[in-house]
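# Geometric and topological summary
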Amino acid sequence: MVELKTANELARMRVTGGFVAEVLAELRTKAQIGVNLLELEAIVRERIRQRGAVSCYWDYAPSFGRGPFRNTICLSVNDAVLHGLPFDYTLRDGDVLSMDLAVSIDGWVADSATTVIVGTPDAEDARLVRATEEALEAAIAVCLPGNRIGDISAAIAGVAHAAGYPVNLEFGGHGLGRTMHEDPHIANAGRAGRGYRLQPGLTIAIEPWFARGTDRVVTAEDGWTIRSADGSRTAHSEHTVAITEAGPQVLTRIG
Ligand code: MG
Ligand code: MG
């Protein structure tokens, strides 16, 4: 079921979104050569505690993961792209780090992800990260009342294919609000003009992610981390977006 939000509810989601944006911005500056992933996890845990927020990941136990997740952020390095379980790993020069954060404040959820290249970027990695960011912007631009979910999917795939990246259809975006994952599902490729019609008050997380060499994924031995099947590097960008009469509003952007 799709729940449309009132202006007041959107304002509350924007509060959560602002917090998520601030934490991710802080992590972008702290993800440096020599920093351990567990240090980044500890920062998020502390920020959540200080704010009185609730992690959407803690104790999360979906069908695809192994047992309850006991961390507050997903950190995915290099060929890992989604649901990365933070572990004892020290970041190295050139690592591609995706950080995905979803929290709830006063019952309202926001979900956002960003990818940073640690130290000196490889040119092809930088191109990949840029493609996910451009796909996200292209998708946000078509978040208008009367358009359809397929328009979002097609916008993402259009950027991916133009850049030469295949698109996985298994993991994509989703509705959200009172919980992290709600209807509708938003595939990262699809036919324009098809699917659920966008209406004011709809709130969705749009999350293009691509791997340099494949659209296939494998689950790592930790039971959570999703990696590219060919070991190629990956990137992920995500925002929580509200459809309104005045156009798309990105709830997880600072300012
Ligand atoms: Mg997310
Ligand atoms: Mg999401």
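For the structure itself, look to the data block above.
To start, this report covers the structure provided alongside it. All values reported here derive from a predicted model rather than from experimental measurement.

## Quick look at the overall build of the protein chain
Along its length, the protein chain carries four helices and 14 strands. The C-alpha atoms of the protein chain give a radius of gyration of 17 Å, which matches the 18 Å a tight globule of 255 residues would have. The buried share of the protein chain, taken over its 255 residues, is 56%. The long-range fraction of contacts in the protein chain, counting pairs at least 24 apart against all pairs at least 6 apart in sequence, stands at 69%. Total accessible area on the protein chain stands at roughly 10500 Å², and carbon and sulfur atoms take up 51% of it. For the protein chain, the centre of its 24 positive side-chain charges and the centre of its 32 negative side-chain charges are spaced 3 Å apart.

## Some details on the sheet that holds strand β14 (residues 249–250)
To summarise the sheet geometry, strands pair through backbone hydrogen bonds and adopt either a parallel or an antiparallel arrangement. Strands sit in the order β7-β6-β8-β13-β14 across an open sheet of five strands; the sheet is antiparallel. At either margin of the open sheet sits one strand with a lone partner, and together these are β7 (182–186) and β14. Where strand β13 (residues 239–242) and β14 come together, two bridges link them in antiparallel fashion. Opposite alanine 242, over in β14, you have glutamine 249 as the bridge partner. Running at roughly 40 degrees to β7, helix α4 (residues 149–163) makes contact with β7 and β8 (203–206) of the sheet.

## Quick look at the coordination of the magnesium ion (ligand 2)
Summarising the metal site, the magnesium ion (ligand 2) is bound by the protein donors Asp111 (OD), His174 (NE2), Glu207 (OE) and Glu238 (OE), whose distances to it range over 2.1 to 2.2 Å. Separation of the magnesium ion (ligand 2) from the magnesium ion (ligand 1) amounts to 3.1 Å, with aspartate 111 serving as a shared donor to the pair. Of this pair, glutamate 207 sits in the loop between β8 and β9 (209–211) while glutamate 238 is found in the loop between β12 (234–236) and β13, placing the two residues 31 residues apart along the sequence.

## Here we look at the coordination of the magnesium ion (ligand 1)
Protein-derived coordination of the magnesium ion (ligand 1) comes from Asp100 (OD), Asp100 (OD), Asp111 (OD) and Glu238 (OE), at a distance range of 2.0 to 2.7 Å. When the donors of the magnesium ion (ligand 1) are listed by position in the chain, the intervening gaps give D-x10-D-x126-E.

## Quick word on the pattern of salt bridges
Evaluation of the coordinates by the stated rule reveals 14 salt bridges. In this structure, the salt-bridge partner of glutamate 46 is arginine 49, at a minimum N-O distance of 2.8 Å. Remark: arginine 49 and glutamate 46 occur in helix α2 (residues 37–51); sequence separation between them is three residues, near one turn of the helix. Measuring nitrogen to oxygen at the nearest pair gives 3.3 Å for the salt bridge that ties glutamate 124 to arginine 127.

## Considerations on the state of the cysteines
Enumeration according to the criterion identifies zero disulfides in this entry. In this model cysteine 56 remains outside any disulfide bridge; the closest cysteine sulfur is found in cysteine 74, 11 Å from its own. The exposure class assigned to cysteine 56 is buried, which follows from its relative accessible area of 14%.

## Some thoughts on the environment of serine 98
Tracing the backbone through its elements, the reader meets serine 98 in strand β4 (residues 96–105). Between the C-alpha atom of serine 98 and that of arginine 194, which follows or precedes it by 96 residues, the distance is 30 Å. Residues within four places of serine 98 in sequence aside, it is in contact with Cys74, Leu75, Ser76, Val81, Thr114, Thr115, Ala235 and His236. A distance of 2.9 Å separates the side chain of serine 98 from the side chain of threonine 115, its partner in a polar contact.

## Some thoughts on the pairing of β13
Of the two faces of β13, the one lined by His239 and Val241 and the one lined by Thr240 and Ala242 are each fully buried. Summarising the sheet, β8 and β13 pair through four bridges and their orientation is antiparallel. Within β13, the residue paired with isoleucine 206 across the bridge is histidine 239. Linkage of β13 to β14, two consecutive antiparallel strands, is achieved through a turn of six residues, within which glycine 247 is found at a positive phi near 110 degrees.

## Observations concerning the packing of aromatic side chains
Inspection of the entire model under this criterion finds four aromatic pairs. Between tyrosine 57 and phenylalanine 69 the ring centres are 6.0 Å apart and the planes differ by 70 degrees, which places this aromatic pair in the edge-to-face class. Pair noted here: tyrosine 57 is in the loop between β1 (54–55) and β2 (74–77) and phenylalanine 69 is in the loop between β1 and β2, with a separation of twelve residues, a long-range link. For tyrosine 57, a relative accessible area of 6% translates into the label buried.

So, how was this worked out
- Residues numbered from 1 in each chain as written.
- Chains lettered and ligands numbered in written order.
- Predicted model: local features only at pLDDT ≥ 70, side-chain atom pairs only at ≥ 80, totals over all residues.
- Heavy atoms only, no water.
- Helix = DSSP H or I, 4+ residues; strand = E, 2+ residues; numbered from the N terminus.
- Rg over C-alpha atoms; globule rule 2.2 N^0.38 Å.
- Buried < 20%, exposed > 50% of the residue type's maximum accessible area, 1.4 Å probe, protein only.
- Contact = heavy atoms within 4.5 Å.
- Areas by Shrake-Rupley, 256 points an atom, 1.4 Å probe, with all protein chains shown as cover.
- Lys, Arg positive; Asp, Glu negative; His and termini not counted.
- Charge placed at Lys NZ, Arg CZ, Asp CG, Glu CD.
- Pairing = 2+ DSSP bridges.
- Axes fitted to C-alpha atoms, helices over the stretch in contact; angles between N-to-C directions.
- Donors = N, O, S within 2.8 Å, 3.2 Å for Na, K, Ca; no water.
- Salt bridge = Lys/Arg side-chain N within 4 Å of Asp/Glu carboxyl O.
- Disulfide = S-S within 2.5 Å.
- Polar contact = N/O pair within 3.5 Å; in protein donor to acceptor, adjacent residues only side chain to side chain.
- Phe/Tyr/Trp six-rings, centres within 6.5 Å; stacked < 30°, edge-to-face > 60°.

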